[in-house]
Amino acid sequence: MSKGNKRLTKRSCYLDSLIANTAEFVKSTMRVSFCQMLLTGAIMMNLVVLYYVSRTQQQMLKHRDPGKAATRRSAVSRAPGVTVLIREFEDFENWVAGVVKSFLRERPGQPIVVVADRLPYPPLGLPTQPNVQLVMLKASPDEPPHVSRPEFYIHTEYTLLVPDGVSLDSTQQLDRLLQEFEVHKGKVHMVAAPTQTAGTLRCLQLRVSLKEWSAVYSLSSARLCDAVDGDAVVLVRTEDLFNLSQPMGRPLLTSLFVQSSLRGWKVRVAESVAFSSYHRSLFMSAHNRWKADITAKARLAQLFKDFGLKRVVLANGKEQWYGCSKDTPRCFGTVHDDTPEYLYQDRWTPPCCLKALRQTTKYVIDILKSSGVRYWLEGGTLLGAVRHQDIIPWDYDVDLGIYLEDVENCEFLRSLDSGSVVDENGYVWEKAVEGDFYRVQYSQSNHLHVDLWPFYAREGIMTKNTWMDHRQDVEFPEHFLKPLVPMQFAGVTALAPNNHRRFLELKFGEGVIENPEYPNPAKKKLEKVD
């Protein structure tokens, strides 16, 4: 082979090798680029998903009222129309199946939801069709949470609350209620129509004060009411109903109106709309009437307990009490740092406790008077008398000063060295364990009390043997007690120091009468109301 041919062959081999290497490099480069493209694509998809999630969250926050707690979001979308909701019935005797059938007879496709705490027994015998649902609020532990929430079963804009025993006579009844709602939209949150058994509904004003643990009903001649008295069918927007804290509380209408009045909602009594009753009255037997009555009273008491309402004044002026009594413990436990637990709940002394304190105070003052024991209103009790002619609304005891030398005049006080005494009216007289003073408790069960502080004169200054770590617990000149003057307090005419302003400012500081404050502002401050 010539040298030229050898060179060509060598060059050819070199080129073949270069081409092969280049091809391998390109192939390798393409493999890497394809993997990188897959990775890049995955990253881009994640970024897109994150973008839309973030955007959705921002939109939700944008529409939330920053000054109020977020409302309960709808579990389902709402369409025009009405869903019938039956909640108020008794398992042991009811006409729920008849109520359902009466609505289906006039409106075969009418959505109906029956709500019970647990599976009713005996069974209700409801029609088996998809627009009739039974919802139990107490779900089985193996079920998802939504099965026990009625709002997941209601797909309409409005909900009609129907009591047991009601019958639908015509679709026009529902149409009229809807028309009434639309006409007064923006002014009312509910429209009510009477049942045949109720006759005409009475319109009520309702003032609910959670701070004072009370609800006060009164009659109103207006058509816009806070509540209605009597059995009623009530139309309400579904969203409003299920944005209440306890939408399915029972008794249903009592629960509804207490919650709605706190929100300033009004209910209008519909004109010329009434619902007939089922063909026969409920609870025909004496036993079932007794059972229904006992159950209703227990249910009402539990509702007011859940809402923290201890005093209810009915429209006729009658008071109903759901708090403590002589036979029960008081409504609050041991007080720490002079700040009872209810102040942390932004509430004041429960009215049942104030009532018991007033009774105990009157009783003790009568005993002291008849025994010849000189006494006077002391400390915060005197402050309450000056400001309110009563106990300070957030106070939890009553303080009376007495002359130590008069203790022997009272049979109950002089016998306390040998132990406490329960008198014939159930009041407990005892020496306080905290120091050298006396205490009179409302009862053995209920420890609401009046404290009696024995003072004695020393060189014209009133002093005592036990001092508490209270700002107002100081000595004072005896001339404030000479003479003692009458003052109205907690429904009685009691005795108090003369020149009460100077006396109180000596104990509490200047301006104490005009500037109320909680006992321990370092723990809980009184919010000033303009």
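You'll find the structure just up there.
All figures in this text were calculated on a predicted structure; none of them were measured in a lab.

Visitor: So what exactly am I meant to see when it comes to the overall build of the protein here?
Guide: Along its length, the protein carries 11 helices and 25 strands. Here the protein holds 530 residues, and 44% of them are scored as buried. Put simply, 66% of the contacts in the protein that link residues at least 6 apart link residues at least 24 apart. For the protein, the accessible area works out to roughly 28700 Å², and carbon and sulfur atoms hold 54% of it.

Visitor: So what exactly am I meant to see when it comes to the nonpolar core here?
Guide: Soluble globular proteins tend to pack their nonpolar side chains together in the buried interior. Grouped together as the largest cluster of nonpolar side chains are 66 residues, with contacts concentrated most on Leu 368, Leu 377, Leu 400, Ile 402, Leu 413, Trp 429 and Leu 452. Counting residues per element, this core draws most heavily on helix 8 (residues 351–371), which supplies 10 residues. Setting aside residues no more than four positions away along its own chain, Leu 400 makes contact with Val 364, Ile 365, Leu 368, Tyr 375, Trp 376, Leu 377, Glu 378, Val 450, Asp 451, Leu 452 and Trp 453. Listed in part, the 38 residues of the second largest apolar core include Val 228, Val 236, Phe 242 and Val 312.

Visitor: When you look at the packing of aromatic side chains in this model, what are you seeing that I'm missing?
Guide: The geometry of two aromatic rings is summed up by the distance between their centres and the angle between their planes. In this structure the tally under the stated criterion is 17 aromatic pairs. With centroids separated by 6.3 Å and ring planes inclined at 80°, the aromatic side chains of Trp 376 and Phe 476 adopt a geometry described as edge-to-face. Here the residue Trp 376 occupies a position in strand 16 (residues 375–377), and Phe 476 occupies one in strand 23 (residues 476–477), the gap between them amounting to 100 residues. Per residue, the accessibility class of Trp 376 equals that of Phe 476, and both read buried. Taken together, the ring pairs connect Trp 376, Tyr 403, Phe 455, Phe 476, Phe 480 and Phe 503 into an aromatic cluster. When the ring centre of Tyr 442 is taken as origin, the NZ or CZ atom of Lys 326, which lies over that ring, is 4.3 Å away. When the ring centre of Tyr 403 is taken as reference, the NZ or CZ atom of Arg 374 above it lies at 3.8 Å.

Visitor: Just checking my understanding: could you explain the sheet that holds strand 1 (residues 79–86) for this structure?
Guide: Strands in a sheet are paired, the pairing made by backbone hydrogen bonds, and the direction either parallel or antiparallel. The strand order across the open sheet built from 8 strands is 3-2-1-4-11-6-12-9, with neighbouring strands paired in mixed fashion. Here the strands that pair on one side only, and so sit at the sheet edges, are strand 3 (132–136) and strand 9 (224–225). In the sheet, strand 4 (residues 156–161) pairs with strand 11 (residues 232–237) via 4 bridges, with the strands oriented antiparallel. Of the residues in strand 11, the one forming a bridge with Thr 159 is Val 236. Packed on one face of the sheet, helix 2 (residues 96–106) meets strand 1, strand 2 (112–116), strand 3 and strand 4 and runs near 165° to strand 2.

Visitor: When you look at the state of the cysteines in this model, what are you seeing that I'm missing?
Guide: Disulfide: a covalent bond connecting the sulfur atoms of a pair of cysteines. One pass over the structure, following the stated rule, counts 1 disulfide. One disulfide in the model links Cys 203 with Cys 225; its S-S distance is 2.0 Å. Because the sign of the S-S torsion sets the handedness, a value of about -125° for the bond joining Cys 203 and Cys 225 places this disulfide among the left-handed ones. Here Cys 203, found in strand 7 (residues 202–209), pairs with Cys 225, found in strand 9; they are 22 residues apart in sequence, far enough to count as distant. By relative accessible area, which is 1% here, Cys 225 ends up buried. Cys 352 supplies the cysteine sulfur nearest to Cys 331, a cysteine that is in no disulfide, at a spacing of 3.3 Å.

Visitor: Can you walk me through the pattern of salt bridges in this structure?
Guide: When the charged atoms of two side chains lie near each other, side chains of opposite charge can form a pair. Counting across every chain of the model gives 33 salt bridges. For Arg 358, the salt bridge goes to Asp 390, with nearest N and O atoms at 3.0 Å. Taken together, the residues span a long stretch of sequence, with Arg 358 in helix 8 and Asp 390 in the loop between helix 9 (379–388) and strand 17 (398–403) at a distance of 32 residues. The partner of Asp 417 in a salt bridge is Lys 431, and the shortest N-O contact between them spans 3.0 Å. With Asp 417 in the loop between helix 10 (411–414) and strand 18 (421–422) and Lys 431 in strand 19 (residues 428–431), this pair connects stretches of sequence that are 14 residues apart. Overlapping salt bridges bring together Glu 88, Glu 90, Arg 250 and Arg 299 as one network.

Visitor: Explain the pairing of strand 19 to me, please; I cannot follow it from the model alone.
Guide: The side chains of a regular strand alternate between the sheet's two faces. Taken together, the 2 bridges between strand 18 and strand 19 define a ladder with antiparallel strand orientation. Bridge assignment links Val 422 to a residue of strand 19, and that residue is Val 428. Between the antiparallel neighbours strand 18 and strand 19 lie 5 residues, among them Gly 426 with a positive phi of about 90°. When strand 19 meets strand 20 (residues 438–441), the two strands line up antiparallel, connected through 4 bridges. In the strand pairing of strand 20, Trp 429 is matched with Val 440.

Cut-offs and rules
- Positions within a chain are numbered from 1, following the residues in the order the chain's sequence is written.
- Given that the model is predicted, a residue must reach a pLDDT of at least 70 before its local features are reported, and side-chain atom pairs must reach 80 or more before they are shown or counted; all residues, however, enter totals for whole chains, interfaces and linings.
- With hydrogens and water stripped out, all remaining heavy atoms of the structure feed into the side-chain values.
- Helix numbers and strand numbers start at the N terminus; a helix is a DSSP run of H or I with at least 4 residues, a strand a run of E with at least 2.
- Think of it in three bands: residues with accessible area under 20% of the maximum for their type are buried, residues over 50% are exposed, and the middle band is partly exposed, with areas taken using a 1.4 Å probe on protein chains only.
- Any two residues having at least one pair of non-hydrogen atoms within 4.5 Å are treated as being in contact.
- Method for areas: the Shrake-Rupley scheme with a 1.4 Å probe, in which residue coverage is limited to the protein chains shown.
- Buried residues of nine kinds, namely Ala, Val, Leu, Ile, Met, Phe, Trp, Tyr and Cys, make up a nonpolar core once their side-chain atoms join them within 4.5 Å.
- Any two of the Phe, Tyr and Trp rings considered here, Trp counted by its six-membered ring, make a pair once their centres fall within 6.5 Å; the pair's planes then place it as stacked at under 30 degrees, edge-to-face at over 60, or tilted in between.
- When the NZ atom of lysine or the CZ atom of arginine is within 6 Å of a ring's centre and also within 35 degrees of its normal, the charge is said to sit over that ring.
- By the convention used here, strands pair only if DSSP detects at least 2 bridges between them.
- In this description, a line fitted to the C-alpha atoms serves as the axis of each element, helices being fitted only across the stretch in contact, and the angle between N-to-C directions of two axes falls anywhere from 0 to 180 degrees.
- Only a pair of cysteine sulfur atoms within 2.5 Å counts as a disulfide in this structure description.
- Each reported salt bridge corresponds to a side-chain nitrogen of Lys or Arg within 4 Å of a carboxyl oxygen of Asp or Glu.

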